[in-house]
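Remarks on the overall topology
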Amino acid sequence: MYLNIMVNQSPIPVVVNGAAGKMGREVIKALSQTTDMNLVGAIDINPEHQGKDIGELSGLSRPLGVPITNQLEPLLLIASQEKQLGVMVDFTHPNIVYDNIRSAVAYGIRPVVGTTGLSLEQLQDLAEFTAKASTGCLVIPNFSIGMVLLQQAAVKASQHFDHVEIIELHHNEKADAPSGTAIKTAEMLADMGKSFNVPIVEEKENLIGSRGFEGREGIRIHSIRLPGLIAHQEVIFGAPGQLYTLRHDTSDRACYMPGLLLAIRKVIGLKSLVYGLEKIL
Ligand SMILES: NC(=O)C1=CN([C@@H]2O[C@H](COP(=O)(O)OP(=O)(O)OC[C@H]3O[C@@H](n4cnc5c(N)ncnc54)[C@H](OP(=O)(O)O)[C@@H]3O)[C@@H](O)[C@H]2O)C=CC1
Ligand SMILES: O=C(O)C1=N[C@H](C(=O)O)C[C@H](O)C1
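Residues numbered from 1 in each chain as written. Chains lettered and ligands numbered in written order. Predicted model: local features only at pLDDT ≥ 70, side-chain atom pairs only at ≥ 80, totals over all residues.

**Points about the UniProt feature "binding site: (S)-2,3,4,5-tetrahydrodipicolinate" (unreviewed entry) in the chain**
Per the UniProt annotation, the sites labelled "binding site: (S)-2,3,4,5-tetrahydrodipicolinate" (unreviewed entry) are His-171, Gly-180 and Thr-181. With respect to the secondary-structure elements, His-171 resides in the loop between strand 7 (163-170) and helix 7 (180-190). C-beta crowding within 10 Å serves as the criterion here: with 15 such atoms nearby, His-171 is assigned to the partly exposed category. When sequence neighbours within four positions are dropped, the list of residues in contact with His-171 reads Pro-227, Leu-229 and Ile-230. Residue Gly-180 is classed as buried on the basis of its 20 C-beta neighbours within 10 Å. (UniProt positions renumbered as here; feature names shortened; annotations may be inferred. Helix = DSSP H or I, 4+ residues; strand = E, 2+ residues; numbered from the N terminus. Buried ≥ 20, exposed ≤ 12 C-beta atoms within 10 Å, placed from the backbone. Contact = placed C-beta atoms within 7 Å.)

**Section: the sheet that holds strand 10 (residues 231-239)**
Spatially, the 5 strands line up as an open sheet ordered 8-9-7-10-11, and their pairing is mixed. Each edge of the sheet is formed by a strand with only one pairing partner; in this case those strands are strand 8 (213-214) and strand 11 (242-250). Bridge analysis of strand 8 against strand 9 (residues 220-225) gives 2 bridges, and the strand direction is antiparallel. Each bridged residue has a counterpart across the sheet, and for Glu-214 the counterpart in strand 9 is Arg-220. Here helix 6 (residues 145-157) sits on the sheet in contact with strand 10 and strand 11, set at roughly 165° to strand 11. Running over the sheet, helix 7 touches strand 7, strand 9 and strand 10 and is turned about 165° from strand 7. (Pairing = 2+ DSSP bridges. Axes fitted to C-alpha atoms, helices over the stretch in contact; angles between N-to-C directions.)

**Re the pairing of strand 2 (residues 37-43)**
Taken across its 7 residues, strand 2 has 6 buried, putting it largely inside the fold. Across 6 bridges, strand 1 (residues 12-17) lies against strand 2 in parallel orientation. Residue pairing in the sheet places Asn-17 in a bridge with Ile-43 of strand 2. In this view, the connection linking strand 1 to its parallel neighbour strand 2 by way of helix 1 (residues 22-32) has right-handed handedness. Bridging between strand 2 and strand 3 (residues 68-69) involves 2 bridges; their strand directions are parallel. Among the inter-strand pairings, Ala-42 is bridged to a residue of strand 3, identified as Ile-68. (Right-handed = clockwise from strand over helix to strand, strands pointing away.)

**Concerning the site of ligand 2**
Thr-116, Pro-141, Asn-142, His-170, Lys-174, Ser-179, Gly-180, Thr-181 and Ala-231 make up every residue found near ligand 2. Looking at the shell around ligand 2 residue by residue, the classes come out as 2 nonpolar, 6 polar and 1 charged. (Near = placed C-beta within 6 Å. Nonpolar A, V, L, I, M, F, W, Y, C, P; charged D, E, K, R; others polar.)

**Thoughts on the site of ligand 1**
The environment of ligand 1 is made up of 26 residues, and the closest members are Gly-18, Gly-21, Met-23, Asn-46 and Gly-114. Taken together, the residues of the shell around ligand 1 sort by class into 11 nonpolar, 12 polar and 3 charged.

**Concerning the UniProt feature "active site" (unreviewed entry) in the chain**
Sequence positions flagged by UniProt for "active site" (unreviewed entry) are, in local numbering, His-170 and Lys-174. With respect to the helices and strands, the residue His-170 is situated in strand 7. For His-170, a count of 22 C-beta atoms within 10 Å translates into the label buried. When near neighbours in sequence (up to four residues on either side) are disregarded, His-170 contacts Ser-179, Arg-225, Leu-229 and Ala-231. With respect to the helices and strands, the residue Lys-174 is situated in the loop between strand 7 and helix 7.

Here you go:
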């Protein structure tokens, strides 16, 4: 399904960090269907999974001969010694992703980062760090093409509407709020050079938080966490007499894989950090 033609090139060595997680396992399955990428390591801190074969854990019919380890640096070293430039895919946790990126870059390994929760200051710092090291890095809050299309439609709509709010809905195992995708969407709208949601009455929150988070240019984000959800986002534009609602629903994490594999192939040719899938499509 994800076959790619390789012309006289060694496969891209890939280490997957957070390999035993929900996204990590999906990444392992996707990598196993490519011909131009080679899984060289699977890292995860979950003590239950140490030493297990990542192929079997991910539900593949055969073992991959790659045991799960909690040691990132030795695998970065191994990947750095391969012929082709190496890539670290990261789907771990907001608390550790910044350090993971710096470690990978220190070994000359290109990070492809799906983990959310990096602050704008951390992103700025990493942009400078990767540029100095002349090392590509992709930070992608959402790998699904549907979400990029939603964001592009939202940017277009924002030229015609002055009122907009974002609602993001996720499973309740999610550590960070709001979602990285909602933050990116709000940033894209705020960059349009206009203010939204100028109040027409004096508003008072009788219950703090009931109007959500208000960010740059008056854009509000509301976060919902419930079992039964995967990942969903609505961007609702309002004007007198009409609503324009954009919605994206994830029903399977497989939706992120085409974007992820594209990012692995593209990051090799970059020289610094790029933020957002739309920049590499
Ligand atoms: N960009 C995108 O398109 C998408 C991004 N995401 C983001 O990816 C991240 C992971 O999501 P998801 O897979 O659902 O989460 P999971 O909790 O299912 O998986 C994360 C895995 O990483 C492990 N882990 C935690 N800390 C470390 C560490 N320091 N080193 C190595 N492994 C670690 C966890 O172990 P343990 O269980 O023991 O904590 C777990 O196995 C989140 O930030 C999420 O928002 C998710 C979906 C799509
Ligand atoms: O935690 C998740 O599940 C997701 N996280 C990303 C985010 O925070 O935007 C991407 C997607 O929404 C799924």
